[in-house]
Amino acid sequence: MNEAITFELDGDHIPLCDLLKFCHIADSGGAAKHLVAEGLVRVDGQVELRKACKIRAGQVVTGADYTIRVV
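Quantities reported herein were computed from a predicted structural model and do not represent experimental measurements.

Here is what the cut-offs are and how they apply
- Residues numbered from 1 in each chain as written.
- Predicted model: local features only at pLDDT ≥ 70, side-chain atom pairs only at ≥ 80, totals over all residues.
- Heavy atoms only, no water.
- Core = buried A, V, L, I, M, F, W, Y, C linked by side-chain atoms within 4.5 Å.
- Buried < 20%, exposed > 50% of the residue type's maximum accessible area, 1.4 Å probe, protein only.
- Helix = DSSP H or I, 4+ residues; strand = E, 2+ residues; numbered from the N terminus.
- Pairing = 2+ DSSP bridges.
- Polar contact = N/O pair within 3.5 Å; in protein donor to acceptor, adjacent residues only side chain to side chain.
- Contact = heavy atoms within 4.5 Å.

Attention now goes to the nonpolar core. Of all hydrophobic cores here, the largest spans 20 residues; its most connected members are Phe7, Leu16, Leu19, Leu20, Ile55, Val61 and Ile68. Broken down by secondary-structure element, the contributors of at least two residues to this core are strand 1 (3-7), helix 1 (16-22), helix 2 (29-37) and strand 7 (66-70). No other element matches helix 1, which puts 4 residues into this core.

Turning our eyes to something else, we now look at the environment of Asp10. Mapping Asp10 onto the fold places it in the loop between strand 1 and strand 2 (14-15). Overall, Asp10 belongs to the exposed group, its relative accessible area being 80%. When the C-alpha positions of Asp10 and Ala52 are compared, they lie 17 Å apart, and in sequence the two are 42 residues distant.

Another aspect to go through is the sheet that holds strand 3 (residues 42-43). Strands sit in the order 1-7-6-3-4 across an open sheet of 5 strands; the sheet is mixed. Bordering the open sheet on either side are strand 1 and strand 4 (46-47), each of which pairs with just one other strand. Pairing of strand 3 with strand 4 involves 2 bridges; the strand directions are antiparallel. Counted as the bridge partner of Arg42 is Val47 from strand 4.

In this section: the side chain of Gln59. You can see Gln59 is positioned in the loop between strand 5 (54-55) and strand 6 (60-62). Given the relative accessible area of 18%, Gln59 is considered buried. A polar side-chain atom of Gln59 sits 2.8 Å from the main-chain amide nitrogen of Arg56. When near neighbours in sequence (up to four residues on either side) are disregarded, Gln59 contacts Val43, Asp44, Lys54, Ile68, Arg69 and Val70.

Let us now look at the pairing of strand 7. When you tally the buried positions in strand 7, you get 4 out of 5 residues, the bulk of the element. One ladder, built from 5 bridges, connects strand 1 with strand 7; its direction is parallel. Within the sheet, the bridge partner assigned to Phe7 lies in strand 7 and is Val70. Bridging between strand 6 and strand 7 involves 3 bridges; their strand directions are antiparallel. Note on strand 7: the bridge partner recorded for Val60 is Arg69. Turn length for the strand 6-strand 7 hairpin, with the two strands adjacent in sequence and antiparallel, is 3 residues.

Below, the structure written as structure tokens:
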């Protein structure tokens, strides 16, 4: 099952790990960093290994069982 989440951005960008935490994909910042470091997170279809990657409106973050659309 793929959970579809729409995240409303409050500002210019959000760091990738914070987004994963706020959307309850990861329980903590450490867990979010682990997901990114393991190559389990994609941004716009590409594996993203930068934990503090700036996610902006219009981007899509995906993993094994979730899709986050940032608006």
